[in-house]
Amino acid sequence: MLIKIYEENPNPKDVAKVVKTLQDGGLVIYPTDTVYAIGCDALNVRAVEKICRMKGVNPQKSNLSIVCYDLSNLSEYAKVSNAAFKLMKRCLPGPYTFILPTSNELPKIYKNRKEVGIRVPDNRIVRTIVRELGNPLLTMSVHDEEDEGLEYSTDPELIEEKYAGRVDLVIDGGYGGLEPSTVVDCTTDGFTLLRQGKGEISL
């Protein structure tokens, strides 16, 4: 099901519909400030497992990333050094993923990796949804590495056709981008740039 939400002014009724879907363990595709992404309530383990199966991701071996509304309750999900917090505060909201050690609040499915990616996208649609849900979203790019740059991954109508029957909702927030987020490893004192994406950064 395709649902149109405008970034300048997300309609509360539409947002409530998305939040209800997530609370029920549903999967949703939504826009970010980089590429379209697929997500679920990050604290709903069954929904997380469903996305991992669908995307062919082994949560024991892959880093999982979550979308937070802002940095205010970050310490619930990750351990953040002062230096990492300063860097994130400077860059977020924005097209970055910061890898941090997990905290005890996250379900066990994340703990096997001992680290988690943190995103605060500069996109009002997804941030409003996260705020209303009250939990972060597990997030994965819609496109796979091998179909990098494919037209369908920027057009919500084509995304809906591809994922029909496999996700509960696709949010049409306009055309998406093709460039992924910039990924920075903050698990050690010397931060490491793991992937240069849309966000410029000096470490």
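Our subject in this report is the structure included herewith. Since we're looking at a predicted model, the values are computed, not measured.

Turning to the overall build of the protein chain, a few remarks are in order. The helix and strand inventory of the protein chain stands at 6 helices and 10 strands. Whereas a compact globule of 203 residues would reach a radius of gyration of roughly 17 Å, the protein chain reaches 16 Å, a difference of no more than 12%. Along the first, second and third principal axes, the C-alpha set of the protein chain runs to 45 × 35 × 30 Å. The burial tally for the protein chain puts 52% of its 203 residues in the buried class. Considering only contacts within the protein chain whose residues lie at least 6 apart along the sequence, 65% involve residues at least 24 apart. Total accessible area on the protein chain stands at roughly 9700 Å², and carbon and sulfur atoms take up 46% of it. Both charge centroids of the protein chain, one from 25 positive and one from 29 negative side chains, sit 7 Å from each other.

Direction vectors running N to C along helix H1 (residues 12-23) and helix H5 (residues 124-133) enclose 60°, while the axes themselves pass 9 Å from each other. It follows from the interaxial angle that H1 and H5 lie oblique. Crossing handedness for the pair H1 and H5: right-handed. When H1 is examined against H5, the residues Val-15, Val-18, Val-19, Leu-22 and Gln-23 are found in contact with a partner set consisting of Thr-128, Ile-129, Glu-132 and Leu-133.

With 42 residues, the main nonpolar core has Ile-29, Phe-98, Tyr-110, Ile-118 and Leu-138 as its most contacted residues. Non-local contacts of Ile-29, meaning those with residues more than four positions away in its chain, are made with Tyr-36, Ala-37, Ile-38, Val-142, Ile-159, Tyr-163, Val-167, Leu-169, Val-170 and Ile-171. If you look at the next biggest cluster of nonpolar residues, it comprises 18 residues, including Ile-125, Ile-129, Val-130 and Leu-137.

Note that strand S9 (residues 182-185) and strand S10 (residues 192-195) share 3 bridges and pair antiparallel. Following the sheet pairing, Val-183 is matched in S10 by Arg-195. Taking the residues between adjacent antiparallel strands as the criterion, S9 and S10 are bridged by 6 residues.

The next subject is the side chain of Arg-119. Inspection of the secondary structure assignment puts Arg-119 in strand S6 (residues 115-119). Residue class for Arg-119 comes out buried when judged on its relative accessible area of 6%. If sequence neighbours within four positions are ignored, Arg-119 has contacts with Thr-32, Asp-33, Thr-34, Ile-66, Val-67, Cys-68, Gly-94, Pro-95, Tyr-96, Thr-97 and Ser-181.

Rules and cut-offs
- Residues numbered from 1 in each chain as written.
- Predicted model: local features only at pLDDT ≥ 70, side-chain atom pairs only at ≥ 80, totals over all residues.
- Heavy atoms only, no water.
- Helix = DSSP H or I, 4+ residues; strand = E, 2+ residues; numbered from the N terminus.
- Rg over C-alpha atoms; globule rule 2.2 N^0.38 Å.
- Buried < 20%, exposed > 50% of the residue type's maximum accessible area, 1.4 Å probe, protein only.
- Contact = heavy atoms within 4.5 Å.
- Areas by Shrake-Rupley, 256 points an atom, 1.4 Å probe, with all protein chains shown as cover.
- Lys, Arg positive; Asp, Glu negative; His and termini not counted.
- Charge placed at Lys NZ, Arg CZ, Asp CG, Glu CD.
- Axes fitted to C-alpha atoms, helices over the stretch in contact; angles between N-to-C directions.
- Parallel < 35°, antiparallel > 145°, perpendicular 65-115°, else oblique.
- Left-handed = near helix turned anticlockwise from the far one by under 90°.
- Core = buried A, V, L, I, M, F, W, Y, C linked by side-chain atoms within 4.5 Å.
- Pairing = 2+ DSSP bridges.

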